[in-house]
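# Structural features, examined
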Amino acid sequence: MSGPINPPPRLLMGPGPINADPRVLRAMSAQLVGQYDPWMTASMNETMALYREVFRTANEQTFLVDGTSRAGIEAALVSLLEPGDRVLVPVFGRFGHLLTEIAERCRAEVHTIEVPWGQVFSAEQVEDAVRRVRPKVLAIVQGDTSTTMCQPLADLGEICRRHDVLLYCDATASLGGNEFEADTWGMDVVTAGLQKCLGGPSGSAPITISGRAVDVIDGRKHVEAGLRADGETDAPGERIVSNYLDLAQVMDYWGPRRLNHHTEATTMLYGARECARLLVEEGLDAAIERHALHGRAMLEGVRGLGLEVFGDVAHKMHNVVAVEIPDGVDGDRARSGLLDDFGIEIGTSFGPLHGKVWRIGTMGYNARKDAVLVTLAALEQVLRAYGVPLTAGGGVGAAQEVYAS
């Protein structure tokens, strides 16, 4: 017979998920109410307002897609792209390939440009490709945890406006811990997830949609039979192929019509609201600087252990670092030792980096001094067991110097 849920104590210092903030977990233990209870619809409106601050946008259509961050990505692309539409995806890691696959499943005409893993694109490279491809949508990742790179975005909105292109960004791994300015940078659609810098569990995908993207999505609106008002007709565009991830319908669910779509994931809404509330309470700039500080401490700490760091560090995300696995060390066994002996999880990697790097995160609730120092001290002991030459206390010492400065 199965017993009650009782997970082991873990310090999750990989690329996500991370340990949820205890205040988020407390919020998620609150009692359910009906989906059209006035208190519930008021909470939905409060959540929308909070995420406008998180995304730094005035977009009315800022809400939650019920599902993990991938549900948000798919909702954005399936609602923007009709079969045959051209989409351009700059690929600099695993999650650019994911955008490509989802766009292909939308039966779009997908074009990609690539740089080696560990690099990012210049604005000129992106604009050259936009001129050549003439896409309807430019779909790009901000922070790709597979490589730890953070793609500069500030110039891309102007490029897209100049060429009449919609700009979609997957900010799952970066939002809340790295600079992000949805309106200033000219973003049309942005999606995220809770399980990285926002300090919550996976299962809810914040999204914001600009007015011109709303017009494109509403041009495909088809209201379900049984909900359609007298005289209401469908939009001329092709019906969005997904029902659950149909943003035209979800906007009506979150908007004044409260048109029934799905039953809101109440507990996840509580958690997502608390993630945003805590971030706004801390202050976005302060949260980004917190991630930058602890990210610098972890970066210098692993260097203090004598380890090499992968990729263009000048374009590294604040919240995760890729560490090259030393010669003679079995990366997966070392990770298991860290988990078994110390209860600390760090990440492996994918594709061309599998078995070559560990990914160590400092994000959300775990972007704090004690988590960084304990992880570095434990990693030192694991590496010693492999005979890796180390300066005793070198990792913790280097991190402490960052904090002291």
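Residues numbered from 1 in each chain as written. Predicted model: local features only at pLDDT ≥ 70, side-chain atom pairs only at ≥ 80, totals over all residues. Heavy atoms only, no water.

The chain has the name Alanine--glyoxylate aminotransferase family protein in an unreviewed UniProt entry, where Nocardioides endophyticus is given as its organism. Under the UniProt heading Cofactor (unreviewed entry), the entry covering the chain gives this text: "pyridoxal 5'-phosphate". As recorded by UniProt, the Sequence similarities (unreviewed entry) comment attached to the chain reads in full: "Belongs to the class-V pyridoxal-phosphate-dependent aminotransferase family." (UniProt positions renumbered as here; feature names shortened; annotations may be inferred.)

### As for the pairing of strand β2 (residues 61–66)
Where burial is concerned, most of β2 is hidden: 6 out of the 6 residues are buried. Bridge count between β2 and strand β10 (residues 204–209): 6 bridges; the pairing is antiparallel. When the bridges of β10 are listed, F63 appears paired with I207. (Buried < 20%, exposed > 50% of the residue type's maximum accessible area, 1.4 Å probe, protein only. Helix = DSSP H or I, 4+ residues; strand = E, 2+ residues; numbered from the N terminus. Pairing = 2+ DSSP bridges.)

### Re empty space enclosed by the protein
Tallied over the entire structure, the rule returns 3 cavities of 30 Å³ or more. Lining the largest cavity are V223, E224, L227, Q249, D252, L259, N260 and H261. Looking at the lining of the largest cavity residue by residue, the class counts come to 3 nonpolar, 3 polar and 2 charged. Its volume calculated, the second largest cavity comes out at about 40 Å³. Taken together, L64, V65, D66, A75, Y244, L245, L247, V250 and H262 make up the full set of residues lining the second largest cavity. Those elements giving two or more residues to the lining of the second largest cavity turn out to be β2 and α8 (247–254). Among the elements that take part in the lining of the second largest cavity, β2 stands out by supplying 3 residues, more than any other. (1 Å grid on protein atoms, 1.4 Å probe; cavity = no way out; pocket = protein on both sides within 12 Å on 5 of 7 lines; lining within 4 Å. Points joined across faces, edges and corners; volume = space filled by probe spheres on them. Nonpolar A, V, L, I, M, F, W, Y, C, P; charged D, E, K, R; others polar.)

### Comments concerning the sheet that holds strand β5 (residues 137–141)
The sheet built from 7 strands is open, its strands ordered β2-β10-β9-β8-β5-β3-β4 with mixed pairing. Taken across any chain shown, the strands that pair with only one partner, and hence form the sheet edges, are β2 and β4 (109–114). Going from strand to strand, the sheet's axes swing by 20 degrees on average, the running direction of each strand aside. The sheet contact formed by β5 and strand β8 (residues 166–170) spans 5 bridges and is parallel. When the bridges of β8 are listed, V137 appears paired with L166. (Axes fitted to C-alpha atoms, helices over the stretch in contact; angles between N-to-C directions.)

### Some thoughts on the pattern of salt bridges
According to the stated counting rule, one finds 28 salt bridges in the structure shown. One salt bridge connects D252 with K221, and the closest N-O pair in it is separated by 3.2 Å. Residue D252 is located in helix α8, and its partner K221 is located in the loop between α7 (211–218) and α8; the two are separated by 31 residues in the primary sequence. In this structure, the salt-bridge partner of E274 is R277, at a minimum N-O distance of 2.8 Å. Of this pair, E274 and R277 both sit in helix α9 (residues 266–282), separated by 3 residues, roughly a single helical turn. What makes E274 buried here is its relative accessible area of 10%. Because the salt bridges share partners, they merge into one network encompassing E127, D128, R131, E158 and R162. (Salt bridge = Lys/Arg side-chain N within 4 Å of Asp/Glu carboxyl O.)

### Examining the domain arrangement of the chain
By a widespread convention, an interface's size corresponds to the accessible area lost as its parts come together. Per the domain assignment, the segments making up the chain are domain 1 (20–280) and domain 2 (284–404). The centre of domain 1, based on its C-alpha atoms, is set 30 Å off from the matching centre of domain 2. Between domain 1 and domain 2, the contact holds 30 residues from the first and 25 residues from the second. Around 2200 Å² of area is buried between domain 1 and domain 2 when both sides are counted, 66% of it from carbon and sulfur atoms. Interface area lost by domain 1 to domain 2 is led by R56, W117 and T148, which between them contribute 25%. Residues R56 and D285 are paired through a salt bridge, measuring 2.9 Å at the closest nitrogen-oxygen approach. At the junction of domain 1 with domain 2, the criterion picks out 10 residue pairs in polar contact (both at pLDDT 80 or more). When contributions to the side of domain 1 that touches domain 2 are tallied by element, the ones reaching two or more residues are α2 (38–55), β6 (143–144), β7 (149–150) and α9. Split into classes, the residues belonging to the side of domain 1 that touches domain 2 amount to 12 nonpolar, 11 polar and 7 charged. (Domains from an automatic or database assignment. Contact = heavy atoms within 4.5 Å. Buried area = accessible area lost by both parts, 1.4 Å probe. Polar contact = N/O pair within 3.5 Å; in protein donor to acceptor, adjacent residues only side chain to side chain.)

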